[in-house]
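So you can see what is in the structure, the chains are spelled out below.
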Amino acid sequence: MSDNWFIGIIGGSGLSEGLELEEAQEVAIKSPFGEPSGPVTLGRIGGVRVAFLARHGQGHRVPPSQVNYRANIDVLKRARVTDVLALSAIGSLREEIAPGEFVAVDQFIDRTTSRENSFFGPGCVAHVSLADPVCPRLAQYAGDAAKAAGAALHRGGTYVAIDGPQFSTRAESRLYRAWAGDVIGMTGMPEARLAREAELPYAMLGMATDYDSFRDEEAGVDVTDVLSIMRDNASIAAQTVVELCKSLPAERSRVPIDTALEHAIITAPDARDPELVTRLDAVAGRVLS
Ligand SMILES: CSC[C@H]1O[C@H](OP(=O)(O)O)[C@H](O)[C@@H]1O
Ligand SMILES: Nc1ncnc2[nH]cnc12
């Protein structure tokens with residue numbers, strides 16, 4: 001029994017229908033940051049507590065730029081998860097990352113615009129470090145779990161986050177390769193930023209569904225191919241979560257990300273906006289109360 005781990009799983013396009021959890025219970029958790037993508041399913045896998053949230057909602061209703069990333073992270077924090085693993089469909093920007101293969105992402109380039117990308121703001125300003133946006137421990141466990149589930153895994157990779165919903169032009173795809181992007185998706189940012197602000201160790205396993213449109217001789221990305229690879233990957237992704245829960249050590253030791261806000265809030269206590277401070281009760285209550 002590893003009762004001090006509580007794993008939040010954000011299921012992306014390939015996992016909208018959820019995971020099989022023991023003692024599953026669906027709860028609608030309210031957030032002061034608005035509507036999350038849907039209810040959170042709480043349960044256990046082999047004694048480890050798990051909270052599952054479908055990023056695009058049940059039945060994939062929410063497009064990538066309309067996902068309320070703040071509410072999603074806030075409700076997972078309210079559920080008291082200790083760590084967050086995101087499972088995402090990605091396009092490959094590299095010949096060596098073939099469709100069907102998995103990537104334990106470790107860096108992001110954020111090309112998104114107009115998404116709420118911080119819990120903080122006027123009346124409570126905070127600056128967390130994001131140099132290493134992924135928790136190395138969780139990425140290691142998740143990568144090992146993906147391999148145990150039968151995935152071909154690449155450890156490390158830079159994820160270029162775009163708004164979408166359209167796939168990239170050929171010129172954009174070539175540009176992202178020149179920027180040293182390895183994979184591309186529409187959801188990793190601001191999700192990873194917000195997890196850090198909420199002091200939640202975050203890792204992302206990307207499941208390559210296509211080569212992005214950098215190959216001159218090939219047609220561009222086709223969503224039919226993406227969905228077909230996604231369906232093939234879904235059972236490996238679900239098994240990865242099972243393997244992860246099986247592999248966690250009984251005790252969860254603390255990591256620096258657990259206290260990422262320790263010295264991050266720079267607004268003087270008497271200059272803080274009480275309304276915002278109240279909204280931050282789950283995300284930053286540890287340092288604000
Ligand atoms: C259906 S392909 C495009 C879609 O898939 C990815 O979603 P997620 O990261 O939630 O798995 C990608 O980011 C796009 O939103
Ligand atoms: N090529 C691609 N671009 C952006 N998001 C994706 N998700 C899956 N494949 C993708």
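Above: the structure in question.
What you are looking at is a predicted structure, and each value in this text was computed from that prediction instead of being measured.

A few words on the pairing of strand β5 (residues 83-92). Strand residues, when the strand is regular, have side chains that alternate between the two faces of the sheet. Of all 10 residues making up β5, 9 are buried, and the element is well covered by its neighbours. Of the pairings in the sheet, the one linking strand β1 (residues 6-11) to β5 comprises 5 bridges and is parallel in character. Note on β5: the bridge partner recorded for G11 is L87. Relative to strand β11 (residues 202-211), β5 runs parallel, the two sharing 9 bridges. Its bridge partner being in β11, A89 is matched across the sheet by M207. Across 2 bridges, the pairing between β5 and strand β10 (residues 183-185) is antiparallel. Paired with G91 across the two strands is I184, which belongs to β10.

Glancing now at the nonpolar core. I9, F108, F119, F120 and L280 are the most contacted members of the largest nonpolar core, which has 81 residues in total. F108 has contacts with P133, V134, T158, Y159, G188, M189, A192, Y202 and M204, leaving out every residue within four places of it along the chain. Counting residues in each nonpolar core, the second largest holds 6 residues, with L93, V160, I162 and Y176 among its members.

Further remarks concern the packing of helix α1 (residues 69-78) against helix α4 (residues 188-197). Put simply, α1 and α4 touch, their axes get as near as 9 Å, and they point 40° apart. Relative to α4, the element α1 lies oblique. Crossing angle aside, the handedness with which α1 passes α4 is right-handed. Contacts between α1 and α4 involve Y69, R70 and I73 from the former and P190, E191, L194 and A195 from the latter. For the contact of α1 with α4, the residue count by class is 5 nonpolar, no polar and 2 charged.

Cut-off values and rules
All residue numbers here refer to positions counted from 1 along the written sequence of the relevant chain. Labels follow written order: the first chain is A, the first ligand is 1, and so on. Restriction of local features to residues with pLDDT of at least 70 applies here, the model being predicted, together with a cutoff of 80 or more for giving and counting side-chain atom pairs; totals for whole chains, interfaces and linings are based on all residues. Side-chain calculation: all heavy atoms of the structure are included, whereas hydrogens and water are not. Each residue gets one of three labels from its accessible area relative to the maximum for its type: buried under 20%, exposed over 50%, partly exposed in between, using a 1.4 Å probe on protein chains only. Think of it this way: any DSSP run of H or I at least four residues long counts as a helix, any run of E at least two long counts as a strand, and we number them from the N terminus. At least two bridges found by DSSP between two strands are what make those strands a pair. To qualify as a nonpolar core, a set must consist of buried Ala, Val, Leu, Ile, Met, Phe, Trp, Tyr and Cys residues joined through side-chain atoms within 4.5 Å. In what follows, a contact means two residues having at least one pair of non-hydrogen atoms within 4.5 Å. For every element, the axis is a line fit to its C-alpha atoms; helices are fit only across the contacting stretch, and the angle between N-to-C directions ranges from 0 to 180 degrees. For classification, angles of less than 35 degrees are called roughly parallel, those exceeding 145 degrees roughly antiparallel, those between 65 and 115 degrees roughly perpendicular, and all remaining angles oblique. In this scheme the handedness of a crossing depends on how the near helix is turned from the far one: anticlockwise by less than a right angle means left-handed, clockwise means right-handed. We call Asp, Glu, Lys and Arg charged. Ala, Val, Leu, Ile, Met, Phe, Trp, Tyr, Cys and Pro are nonpolar, and the rest, Gly among them, are polar.

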